[in-house]
Amino acid sequence: MEPAVTTDPMDEEREVARYEDLRSCANRALWTIDLQIRRLRDFAVDMESGNQFVLQQVSDAEFLILSLERLLAVSRLIDPMTAGSLQPAIADFENALPNLRLARNVISHIDEYLSGKGNDKSVRIGAISTYLFGHDIVENSGFVFNLDAAQTVAEALFKAIQSNVPVSVKNRIEHVAKMCR
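For clarity, every value in this text was computed on a predicted model and none was experimentally measured. (Residues numbered from 1 in each chain as written. Predicted model: local features only at pLDDT ≥ 70, side-chain atom pairs only at ≥ 80, totals over all residues. Heavy atoms only, no water.)

With that settled, consider the confidence of the model for the chain. The predicted model of the chain has a mean per-residue pLDDT of 85, with 89% of residues at 70 or higher. Within the chain, strand β1 (residues 131–133) has the poorest average pLDDT of any element, 77, and helix α3 (residues 87–96) the best, 98. (pLDDT = per-residue confidence, 0-100. Helix = DSSP H or I, 4+ residues; strand = E, 2+ residues; numbered from the N terminus.)

Laid out in structure tokens, this is it:
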């Protein structure tokens, strides 16, 4: 896949600004993923000591799922800007979290799933509101998420984003650096 060729300086400026917005969104998603995983693990330790607030853990799990999906969505938008260089990291992410999109859909379209009108009929009413937690596992609606795997692929995907800066962005950085000399 060839990177987009821009000739108009304003097009290049917009592409650089778009990339910066996307990279910033990816950064926030990774930060949130890390935060939610730490909170879920801390909760497992708190449960052992008798301190627990289950609704917090449910919220943390849902924020984790939404943040993982956001990181994936942003990486798909950045990928064409990098001539497809993020594809291996995106594939690894999707393979490690195969039910992520469906889990996100259940959260985002809860009204449809609770009324039996959700797109995926494999999601059972009764399982939607049930969360099971372990130190390294979150399970909801029959979808199991390994926290270690989620964190590993999220960090790898973000590293791929950082390592594959689009040519237009590199060119703009070099241009600004020359002007500052």
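The rest of the description comes next.
A separate point is the environment of R18. Note that R18 resides in helix α1 (residues 9–48). Classification of R18 as partly exposed rests on a relative accessible area of 41%. Distance from R18 to L77, taken between C-alpha atoms, is 9.8 Å for residues 59 residues apart in sequence. Not counting residues up to four positions away in its chain, the partners in contact with R18 are L77 and M81. (Buried < 20%, exposed > 50% of the residue type's maximum accessible area, 1.4 Å probe, protein only. Contact = heavy atoms within 4.5 Å.)

Okay, the pairing of strand β3 (residues 143–146) next. Alternating residues of β3 divide into F143 and F145, all buried, and V144 and N146, none buried. Of the strand pairs in this sheet, strand β2 (residues 137–140) and β3 are connected by four bridges, and their pairing is antiparallel. Paired with V138 across the strands is F145, a residue of β3. Here β2 folds back onto β3 in antiparallel fashion, the turn holding two residues, of which S141 has a positive phi close to 55°. (Pairing = 2+ DSSP bridges.)

Another point: the pattern of salt bridges. As enumerated under the stated definition, the model contains eight salt bridges in all. D60 is the partner of R39 in a salt bridge, and the nearest nitrogen-oxygen pair spans 2.9 Å. Of the two residues, R39 sits in helix α1 while D60 sits in helix α2 (residues 54–78), which places them 21 residues apart along the sequence. For R39, a relative accessible area of 33% translates into the label partly exposed. Salt-bridge contacts for R76 lead to E94; the nearest nitrogen and oxygen are separated by 2.3 Å. Within this pair, whereas R76 is found in helix α2, its partner E94 is found in helix α3, the two being separated by 18 residues in sequence. Residue classification places R76 among the partly exposed positions, given a relative accessible area of 37%. Salt bridges sharing common partners tie together R41, D136 and D148. (Salt bridge = Lys/Arg side-chain N within 4 Å of Asp/Glu carboxyl O.)

Attention now moves to the nonpolar core. Membership of the largest hydrophobic core comes to 46 residues, with the highest contact counts inside it found for L68, L71, F93 and L97. Here this core gets ten residues from one element, more than from any other, and that element is α1. (Core = buried A, V, L, I, M, F, W, Y, C linked by side-chain atoms within 4.5 Å.)

With that settled, the discussion passes to α3. Because an α-helix completes one turn every 3.6 residues, residues spaced three or four positions apart along the sequence face the same direction. Residues of α3 that are buried include every one of A89, I90 and F93, and no others. Down the axis of α3, the buried side of the element spans an arc of 100°, and every buried residue falls inside it. Set apart from the buried face of α3 by more than 90 degrees, the exposed residues are P88 and N95. Along its buried surface, α3 packs onto α2, α4 (100–108) and α6 (147–163). (Arc of directions from axis to C-beta.)

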